[in-house]
Amino acid sequence: MEKDKSLQRVDIKGGVLSPSELQRIIEYVQELGLDTFHFGSRQDIIFPLKNVNDDVITEHAAFNTSFFASHAQQNICSSYVSIDIFDATVWLRGTTYLYILEEFRYHPKLKINITDPKQQIVPLFSGDLNFIASAHEDYWYLFLKLPGWDEIYYPALIYTWDIAKIAETIENIYESVEDVEMLFKYLNENLDTNNKVIEKPLQVNFNPFPYYEGMNKMRDNQYWLGLYWRDNNYNLKFLKALCEFCLEHRIGKICLTPWKSFIVKGIPKESKLTLEKLLGQFGINVRHSALELNWHLPVNNKRALELKKFLVMNFDQNDISTYGLTFGISSCRNSKRYFTSIMIEENKAPETIEGFVVRPMYNVLYAKNFNPSTRQYIVYAQDVDQMDLPGLLLELTKTYFQNLGSIPDELHQGEGVEKEILEIEVFQCKDCQNVYDPSVGDVVGGIPVGVDFKDLSDDYGCALCGLPKSNFEKITIEVI
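The structure presented is a predicted model; accordingly, all values stated were derived computationally and were not measured.

Asker: Break down the sheet that holds strand β14 (residues 234-235) for me, citing the residues and quoting the values.
Answerer: The sheet built from four strands is open, its strands ordered β1-β4-β3-β14 with antiparallel pairing. Both outer strands of the open sheet, β1 (8-10) and β14, are each paired with one neighbouring strand and no more. As paired elements, β1 and strand β4 (residues 45-47) share three bridges and run antiparallel to each other. Residue Gln 8 lies in a different strand from β4, and its bridge partner there is Phe 47.

Listed below in structure tokens is the structure:
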């Protein structure tokens, strides 16, 4: 997602910080007259432009530009947050992430992800440099999504202790090399690295998105707590009290997630009741519906938040399950940066017509196999009115569950992997290229799943452009 340059941001390297570090940030923000802040999609902290008195914080006497990240600077994302609470590659430890993060002694201008493919909560491919743990201890795949480049894998595994220096060198020289072969040659000639040959392409297991909120049991008589605010306005008085609790009970780290929430791990069993009392004193709800937790919204976007509330309420009223799926709302089109199963794009609103309210229209896309790690998004519907979105999303969730057992257990990334290709016949509008697929139906046109094209009435019209049934032609498409 694109950054909102009207917001101030503090980068939290790897999404992990100590309670005392968070406490210092909170105290400074309170000094600026703010009583809340936001979390961002790259495990960072974001501040509204104005305080509670509608004063611009950059005009405050205590404002210090060096405290905030520059707009060119990028945060490093990591799946440290998932260690000890979700599935993990066997050799990965929390200390591994912390060591790698400590080695970054520069401020990246490229987005860097350091992730475990076994976990689901932190996206693998949303960065420019994506280091993804392999089965070989202390070795990582590197998937490149560099600006101006085609997406491609680096042709060797990267050693843990080389990640930071390789990332910095790539940032400095990628614009002056032509392709990955030249990049590989340059790094080998100019850096002392301990690469390893790639024996197998990366394999990413297909797993449902986890529930990550509330008080949950860890190993060794410990607990972890996940907290989520529906409006992403986190109360600073509560967070400050939570930091004091963590310091008093020797809890060393607080972890931010890309879902604008945070997790506290390693809560001693004997401290659980004290923490529950603290949550109760501030009236904190720690068990939102799973329908709430699987959404990614742009920060400080009221329209997106209202749309999410509308859709979640509709799901809830109709007892719709979204287990394993994730949803996103975006006002900008950039499918290469999406990391949810289903995306709702808001189209640019037309100019206001005097005397009429112009309602926003939306496009609906879904990830191939509903797995965002495929990095391939398919357009499901275009120019959809908000009132039609619940029905469209309901049909998509049905399609997801109908095919859940047939979705491949493993998604293979890289060259030379054979993929089973299925050819299916559909009908495409010759004018707007909209496709009618009997296995999906047409929610906008009120056509249920399973109706063959030949059985559609003669007055059936294209859901997008309205042209008649006669304007469709049979085509064959490949489904991998």
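Asker: So, the packing of helix α8 (residues 302-317) against helix α9 (residues 389-402): which residues are in play, and what are the values?
Answerer: It is at 10 Å that the axes of α8 and α9 come closest, and there the two elements cross at 60°. Comparing their axes, α9 and α8 come out oblique. Here the hand of the crossing between α8 and α9 comes out right-handed. Residues Leu 307, Phe 310, Leu 311, Asn 314 and Phe 315 of α8 touch α9, and the partners they reach there are Leu 389, Pro 390 and Leu 393. Here the contact of α8 with α9 is built from residues that sort into seven nonpolar, one polar and no charged.

Asker: Can you tell me about the nonpolar core, naming the residues and giving the values?
Answerer: Where a protein is soluble and globular, its nonpolar side chains tend to be buried together. Grouped together as the largest cluster of nonpolar side chains are 52 residues, with contacts concentrated most on Phe 104, Ile 114, Leu 129, Phe 131, Trp 140 and Ile 170. Of all elements in the fold, only α2 (94-103), β6 (112-115), β7 (129-133), β8 (139-144), α3 (163-173), α4 (180-190) and β13 (222-228) reach the threshold of two or more residues within this core. Among all residues touching Phe 131, those that are not within four sequence positions of it are Ile 112, Asn 113, Ile 114, Thr 115, Trp 140, Tyr 141, Leu 142, Ile 158, Ile 163 and Ala 167. Judged by nonpolar contacts, the second largest core, of 42 residues, contains Phe 63, Leu 227, Leu 236 and Phe 262.

Asker: Before we move on, can you summarise unusual backbone geometry with the specific residues and values?
Answerer: Look at Asn 300: it is not a glycine, yet its phi comes out positive at around 60°. Inspection of the secondary structure assignment puts Asn 300 in the loop between β17 (295-296) and α8. Positioned with a positive phi, Asp 383 is a non-glycine residue whose angle comes to about 50°. Following the sequence through the fold, Asp 383 ends up in strand β21 (residues 377-385).

Asker: Requested: an account of helix α6 (residues 272-281), with residues and values cited.
Answerer: For α6, the complete set of buried residues consists of Leu 275, Leu 278 and Leu 279. The buried residues of α6 occupy an angular sector of 100° when the element is viewed end-on, so they sit on one face. Among the exposed residues of α6, those oriented more than 90 degrees off its buried face are Leu 273, Lys 277, Gly 280 and Gln 281. Positive backbone phi, approximately 65°, marks Gly 283, located one or two places after α6.

Asker: Summarise the pattern of salt bridges; cite the residues concerned and give the values.
Answerer: Here the structure, examined in full by the defined rule, presents 13 salt bridges. Across the salt bridge formed by Asp 44 and Arg 9, the nearest N and O atoms sit 3.4 Å from each other. Separated by 35 residues along the polypeptide, Asp 44 in the loop between β3 (36-39) and β4 and Arg 9 in strand β1 bring together distant segments of the chain. Side by side, Asp 44 and Arg 9 carry an identical accessibility label, which is buried. One salt-bridge network, in which partners are shared between bridges, spans Arg 9, Asp 11 and Asp 44.

The rules behind each value
Residues numbered from 1 in each chain as written. Predicted model: local features only at pLDDT ≥ 70, side-chain atom pairs only at ≥ 80, totals over all residues. Heavy atoms only, no water. Pairing = 2+ DSSP bridges. Helix = DSSP H or I, 4+ residues; strand = E, 2+ residues; numbered from the N terminus. Axes fitted to C-alpha atoms, helices over the stretch in contact; angles between N-to-C directions. Parallel < 35°, antiparallel > 145°, perpendicular 65-115°, else oblique. Left-handed = near helix turned anticlockwise from the far one by under 90°. Contact = heavy atoms within 4.5 Å. Nonpolar A, V, L, I, M, F, W, Y, C, P; charged D, E, K, R; others polar. Core = buried A, V, L, I, M, F, W, Y, C linked by side-chain atoms within 4.5 Å. Buried < 20%, exposed > 50% of the residue type's maximum accessible area, 1.4 Å probe, protein only. Arc of directions from axis to C-beta. Salt bridge = Lys/Arg side-chain N within 4 Å of Asp/Glu carboxyl O.

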